[in-house]
Amino acid sequence: MSAQAPLSGAQERDAADPLRGFRARFALPRDERSEPLVYLCGHSLGLLPLAARDIVNEELDEWAQRGVEGHEQARRPWVPYHQNLTSGLMALTGSLGDEVVAMNSLSVNLHLMLASFYRPAGQRTRILIEAGAFASDRHAAASQIAWHGLDPQDTLLELSTPAGEELLPEEHIDECLERHGEQIALVLWPGVQFRTGQAFDLARIARAAHRHDCIVGFDLAHSIGNTPLTLHGSDADFAVWCSYKYLNGGPGAIGGCFLHQRHLHSLPGSAHRGTLPGARLAGWWGHEQATRFLMEPQFRAAEGVAAWQISNPPILAAAPLIASLAIFTEAGMQRLRAKSVALTDYLDSLLRPLSPAVHILTPADSRRRGCQLSLRIAGDAARGRRVFDGLTARGVVCDWRFPDIIRVAPVPLYNRFEDAWRFADALTQALRETC
Ligand SMILES: Cc1ncc(COP(=O)(O)O)c(C=O)c1O
């Protein structure tokens, strides 16, 4: 492989990369000899931004020195802490200020959004998801259906890929809506599919769903910080995400939520009403800040989607995200996307010659993918697993998704073209030893 694509080619690309300096802002996991591993797993857990440690330490110091006074008097007061994250999230999601909030974690936010938006009524009761959706999304949708006293078996509509295909064409979603639209209350779709890495055209899906009066919500776990997003313009009703993947917020980091502005002042309803949400589940942190501590029984909603917050935010799980979002602001999503396309295209070009031993499931068109490539090794799953173990033994960190997929993601903030080359080289060797 090195004869076809010399390492120097990758190194030249790195030397010309205007974003190459950002790698030094992250902690790179190392092997037992302190050599950096080839970390290609940002689709699962992003790396620690070095500045995050300082911010977390600052919060610990505030706690140590001020105790409860930190709520009001910390350098970044804890009461309005979520506001430290709003502008960064607005930029990454293409949202207006009152449409986005950092809160909870992904599955919890999904439940909160479904509680507001899933209002089954009459024949319009179904939730449309993809077959093979991330388990937590499926559990959330199925359990919400059951919560309303309906049977998930007939009410959850799971759209499969066409026979013999691994990817789901968007026309297939259109057709499903044409056929079943009047029964569908809500469409829940991923921005990027976690197993295949396929990126969807969210504006198109939102348009199709709205044509049939369905609510549409997106799970952006694998999209945010990976592909540019324009949630307001795309007319999504809601979206949810986690921050520990491409956002580098750290394990268990605070998640986020988008709710389109047109819903913010609508009154709770008891039935499906086209694009209007139903009731909001409330807690004291969704109450307007100015009067929250009066502890009045009457709920006064905070401005915007902040009203959907329930509990006070986990400061130590939000602090690292401040550091990470500052890096995104500095690098700029447009420049990151340009590098991401070049980096993943380069990795793709190194892996295609390994066909048929290696099959890339992810679309070849960069407009239909983020940075992740999903690979299947020829032979059976047991061989695939041995190849994966061979990669691990060579210092590559990627992941294995049951039953037979290797996922690998060169992340433009901290990965180099050299990492892509080293992965392809390690894969070539691992294939050789398992043939
Ligand atoms: C697509 C998708 N949905 C949901 C989740 C669950 O996230 P959480 O544990 O933050 O609720 C994940 C986590 O990786 C995910 O990738």
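Residues numbered from 1 in each chain as written. Predicted model: local features only at pLDDT ≥ 70, side-chain atom pairs only at ≥ 80, totals over all residues. Heavy atoms only, no water.

### A few points about helix α9 (residues 202-211)
Thought 1: α9 sits mainly inside the fold: seven of its 10 residues count as buried.
Thought 2: Those residues of α9 that sit buried are Leu202, Ala203, Ile205, Ala206, Ala208, Ala209 and His210.
Thought 3: Asp213 lies just past α9 and shows a positive phi near 65 degrees. (Buried < 20%, exposed > 50% of the residue type's maximum accessible area, 1.4 Å probe, protein only. Helix = DSSP H or I, 4+ residues; strand = E, 2+ residues; numbered from the N terminus.)

### Considerations on the sheet that holds strand β2 (residues 100-102)
Thought 1: Taking strand neighbours across the sheet as the criterion, the seven strands line up as β2-β8-β7-β6-β5-β3-β4 in an open arrangement whose pairing is mixed. Each end of this open sheet is capped by a strand with a single partner; those strands are β2 and β4 (156-159). For this sheet, the mean inter-axis angle between neighbouring strands, taken without regard to orientation, is 20 degrees.
Thought 2: Direction of pairing for strand β3 (residues 126-130) relative to strand β5 (residues 184-190): parallel, over a ladder of three bridges. Residue pairing across strands places Leu128 opposite Val187, the latter belonging to β5.
Thought 3: Of the strands in this sheet, β2 and β7 (238-241) are in contact with helix α4 (residues 83-93), which crosses β2 at around 125 degrees.
Thought 4: The sheet strands contacting helix α6 (residues 135-147) are β3, β4, β5 and β6 (215-219), and the helix crosses β4 at an angle near 150 degrees. (Pairing = 2+ DSSP bridges. Axes fitted to C-alpha atoms, helices over the stretch in contact; angles between N-to-C directions. Contact = heavy atoms within 4.5 Å.)

### Observations concerning the pattern of salt bridges
Thought 1: Applying the stated criterion across every chain yields a total of 27 salt bridges.
Thought 2: Across the pair Arg76 and Glu58 runs a salt bridge, and its minimum N-O distance is 2.6 Å. With Arg76 in the loop between α3 (70-73) and α4 and Glu58 in helix α2 (residues 50-66), the pair connects residues that are 18 residues apart, well separated along the chain.
Thought 3: The salt bridge involving Asp365 is made with Arg367; its shortest N-O contact spans 2.8 Å.
Thought 4: One salt-bridge network, held together by shared partners, links Arg23, Arg416, Glu418, Asp419 and Arg422. (Salt bridge = Lys/Arg side-chain N within 4 Å of Asp/Glu carboxyl O.)

### Concerning the packing of aromatic side chains
Thought 1: In the structure shown here, the tally under the stated rule is 10 aromatic pairs.
Thought 2: Both rings, one in Phe117 and one in Phe238, keep their centres 5.2 Å apart while their planes meet at 25 degrees; by these two values the pair is stacked. Here Phe238 lies in strand β7 and Phe117 lies in helix α5 (residues 106-117), a separation of 121 residues in the sequence.
Thought 3: Here the guanidinium or amino end of Arg280 rests over the ring plane of Trp308, the centre of that ring lying 4.4 Å away.
Thought 4: Taking the ring centre of Trp285 as reference, the NZ or CZ of Arg292 above it sits at 4.0 Å. (Phe/Tyr/Trp six-rings, centres within 6.5 Å; stacked < 30°, edge-to-face > 60°. Lys NZ or Arg CZ within 6 Å of the ring centre and 35° of its normal.)

### So, the side chain of Glu99
Thought 1: With respect to the helices, strands and loops of the structure, Glu99 is situated in the loop between α4 and β2.
Thought 2: Buried charged residue Glu99 carries no salt bridge. Nearest counter-charge: Arg262, at 6.7 Å.
Thought 3: A polar contact is formed between the side chain of Glu99 and the side chain of His232, at a distance of 2.6 Å.
Thought 4: Apart from the residues lying within four places of it in its own chain, the contact partners of Glu99 are His232, Cys257, Phe258, Leu259, His260, Gln261 and Val305. (Lys, Arg positive; Asp, Glu negative; His and termini not counted. Polar contact = N/O pair within 3.5 Å; in protein donor to acceptor, adjacent residues only side chain to side chain.)

### A look at a nonpolar patch on the surface
Thought 1: Together, Leu60, Trp63 and Leu316 make up a nonpolar patch on the protein surface, roughly 300 Å² of accessible area in all.
Thought 2: Tracing the chain through its elements places Leu60 in helix α2. (Patch = residues over 30% accessible without salt bridge, like charges linked within 9 Å, V, L, I, M, F, W, Y side chains within 5 Å. Areas by Shrake-Rupley, 256 points an atom, 1.4 Å probe, with all protein chains shown as cover.)

### Thoughts on the side chain of Gln309
Thought 1: For Gln309, the location among the structural elements is in the loop between α11 (289-292) and α12 (315-331).
Thought 2: At a separation of 3.0 Å, a polar atom in the side chain of Gln309 contacts the main-chain carbonyl oxygen of Ala306.

### Overview of the pairing of β6
Thought 1: Among the five residues of β6, five are classified as buried, and the element is accordingly described as predominantly covered.
Thought 2: Residues Ile215, Gly217 and Asp219 line one face of β6 and the alternating positions Val216 and Phe218 line the opposite face, and both faces are buried.
Thought 3: Between the parallel elements β5 and β6, the chain passes through α9 in a crossover that is right-handed.
Thought 4: In this sheet, β7 lies alongside β6 in parallel orientation, the contact comprising three bridges. Looking across to β7, one finds that Phe218 is bridged to Ala239. (Right-handed = clockwise from strand over helix to strand, strands pointing away.)

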